[in-house]
Amino acid sequence: MIRRLLEAASSRWAARGPQVRGCSMVDGLYLRADGELPCWCGPGEVIVHARLALGSVPASPQDLAPIRAVRRAFAEGRLPFPGTCEGCQVLGTRPARELRERRSRLDELHVEPSWLCNLGCAMCPPDNGARGELRDHDHLDPALLIELLDALLAGGVGVIRSVRFEGKGDPCLNPRLEELIRATRARYPQSYLVLTTNGSFPLRSDLAHCGLDHADISADGFTQASYGQYRKRGNLKRVKAFAEDLTSRGLSVGWKYILMPWNDGEDELLSCLEWCRARDIQLELRLTHSAEASERWDWPRLQAWVAPREGVIARRTLAHAKAG
Ligand code: SF4
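Residues numbered from 1 in each chain as written. Predicted model: local features only at pLDDT ≥ 70, side-chain atom pairs only at ≥ 80, totals over all residues. Heavy atoms only, no water.

Caption draft 1: Structural view of the packing of aromatic side chains. The full count for this structure, using the stated rule, is six aromatic pairs. An angle of 65° between the planes, with centres 5.8 Å apart, marks the rings of phenylalanine 222 and tryptophan 255 as edge-to-face. With a gap of 33 residues between them, phenylalanine 222 in the loop between β9 (214-218) and α5 (224-230) and tryptophan 255 in strand β10 (residues 252-258) connect regions that are remote in the sequence. Overall, the relative accessible area of 0% leaves tryptophan 255 in the buried class. Counting every residue linked through ring pairs, the aromatic cluster contains Phe222, Trp255 and Trp275. The ring of tryptophan 297 has arginine 301 sitting right over it, with the charged end atom 4.3 Å from the ring centre. (Phe/Tyr/Trp six-rings, centres within 6.5 Å; stacked < 30°, edge-to-face > 60°. Helix = DSSP H or I, 4+ residues; strand = E, 2+ residues; numbered from the N terminus. Buried < 20%, exposed > 50% of the residue type's maximum accessible area, 1.4 Å probe, protein only. Lys NZ or Arg CZ within 6 Å of the ring centre and 35° of its normal.)

Structure below.
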């Protein structure tokens, strides 16, 4: 039955022809801490197109055969991985592009600096979260990223619009994070470099001076009780000090706040907004479409709340938008 439904969904996509939209794989690459180049986001991450190893990164990695096959499928109006793509959050976020032999531009390079995490959030996949032991390749080796960037440059990719340092683990657990960012800035000086971290770390002042454009701090709540309900083992005091230190050093900082039933009271949101405003930090209130989503806020109500207020924006996950 499920198979028949998936086949029907795939043929609906095929029937829509070349106007079918693609996904982040069309003009992006995702490098995991262990060197894998997988699909992006959610169910797609189990599909690994290649694994890069130090000293043997192939020429023109943006055009490896499996990645070209993904683009070809979209350009021909097919889903590259029927049965998986349908559940992928990034499906429909990019136009399906014609294939070109040499790509001079990537829209986004997604880099996972570490596979380890210091927290244990409930929604994290069971194989993820706080891992006790450091294994080989848990942290991305800057030499591997440098080799990839050099191969992209040599392969004709002169522009990468944005590079996002984010992954299953928290980037700040990689002791060489600043090296990763500096190396990227040196090779792609025009790119927009963004870091996403939970921020529950001791101060790390070098982060503000290594070439980053922006840091997003993921912290859902503005009291320790509400924040810690989802961000297990997180310390809100530390998060605030971390964000405050970065912004005081001139780095652009955002506070990403997912609305859930225990953190969505108006008083708490106003306290957070006031604190953020005083430090020139932009607050992003986000609706999600998961089991733990806020019931108090729907998209029209959140937009109306945000509209007259400075320093706060509303966002929703793609899954939420699709469901709406
Ligand atoms: S939509 Fe399909 S091709 Fe694109 S990232 Fe997801 S699984 Fe991969």
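Back to the write-up after that little detour.
Caption draft 2: Representation of the pairing of strand β7 (residues 159-165) in the model. Judged from the six bridges that link them, strand β6 (residues 105-111) and β7 form a sheet pairing that is parallel. Following the sheet pairing, leucine 109 is matched in β7 by valine 163. Two strands pair when backbone bridges link them, and β7 and strand β8 (residues 192-197) are joined in this way by four bridges, in the parallel orientation. Bridge assignment links valine 163 to a residue of β8, and that residue is leucine 193. Between the parallel elements β7 and β8, the chain passes through helix α4 (residues 177-187) in a crossover that is right-handed. (Pairing = 2+ DSSP bridges. Right-handed = clockwise from strand over helix to strand, strands pointing away.)

Caption draft 3: The site of the ligand, seen in detail. In the vicinity of the ligand, the contacting residues are Cys23, Met25, Cys39, Trp40, Gly44, Val70, Pro80, Phe81, Cys85, Cys88, Val90 and Leu91. Taken together, the residues of the shell around the ligand sort by class into eleven nonpolar, one polar and no charged. (Near = heavy atom within 4 Å. Nonpolar A, V, L, I, M, F, W, Y, C, P; charged D, E, K, R; others polar.)

Caption draft 4: Representation of helix α6 (residues 236-248) in the model. Spanning 13 residues, α6 covers 18 Å between terminal C-alpha atoms, matching the ideal 18 Å at 1.5 Å per step. Within α6, burial applies to Leu236, Val239, Phe242, Ala243, Asp245, Leu246 and Thr247. Contact partners of the buried residues in α6: β8, β9, α5, β10 and α7 (266-278). The opening residue of α6, the one whose side-chain oxygen lies 2.9 Å from the backbone nitrogen of lysine 237, is asparagine 235. (Expected span 1.5 Å × (residues − 1). Contact = heavy atoms within 4.5 Å. Polar contact = N/O pair within 3.5 Å; in protein donor to acceptor, adjacent residues only side chain to side chain.)

Caption draft 5: Expanded view of the nonpolar core. Among the nonpolar cores identified, the biggest contains 86 residues, and Phe165, Leu207, Trp255, Leu283, Leu285 and Leu302 are the most heavily contacted of them. Per element, the largest residue contribution to this core is six residues, and it comes from helix α3 (residues 142-154). If sequence neighbours within four positions are ignored, leucine 302 has contacts with Leu259, Leu285, Leu287, Trp297 and Ala314. (Core = buried A, V, L, I, M, F, W, Y, C linked by side-chain atoms within 4.5 Å.)

Caption draft 6: Region of interest: the sheet that holds β9. Overall, parallel pairing links the eight strands, which are arranged β2-β6-β7-β8-β9-β10-β11-β12 in an open sheet. Looking at the sheet topology across the chains shown, the edges are occupied by β2 (28-31) and β12 (312-316). Averaged over all pairs of adjacent strands, the angle between their axes in this sheet comes to 20°, without regard to strand direction. The sheet contact formed by β8 and β9 spans four bridges and is parallel. Bridge pairing in β9 places threonine 197 opposite isoleucine 217. Across the sheet, α3 is in contact with β2, β6 and β7; its angle to β6 comes to roughly 175°. (Axes fitted to C-alpha atoms, helices over the stretch in contact; angles between N-to-C directions.)

Caption draft 7: Broad picture of the packing of α3 against α4. Two elements in contact, α3 and α4, have axes whose closest approach is 9 Å; the angle formed by their N-to-C orientations is 15°. The angle between the axes of α3 and α4 places the two elements in the roughly parallel class. For the crossing formed where α3 meets α4, the hand is right-handed. For the pair formed by α3 and α4, the contact residues are Pro142, Leu145, Ile146, Leu149, Asp150 and Leu153 on the first element and Glu179, Leu180, Ala183, Thr184 and Arg187 on the second. Among the residues forming the contact of α3 with α4, the class breakdown is seven nonpolar, one polar and three charged. (Parallel < 35°, antiparallel > 145°, perpendicular 65-115°, else oblique. Left-handed = near helix turned anticlockwise from the far one by under 90°.)

Caption draft 8: Highlighting the side chain of serine 294. When you line up the elements, serine 294 lands in the loop between β11 (282-287) and α8 (299-306). A polar contact is formed between the side chain of serine 294 and the backbone nitrogen of arginine 296, at a distance of 3.2 Å. At 3.3 Å, the side chain of serine 294 and the backbone nitrogen of tryptophan 297 are in polar contact. The residues touching serine 294, leaving out its near neighbours within four places in the chain, are Leu259, Met260, Pro261 and Asp264.

Caption draft 9: Expanded view of α4. For α4, the full list of buried residues reads Leu177, Glu178, Leu180, Ile181, Ala183, Thr184 and Arg185. In this fold, the buried residues of α4 make contact with α3, β7 and β8.

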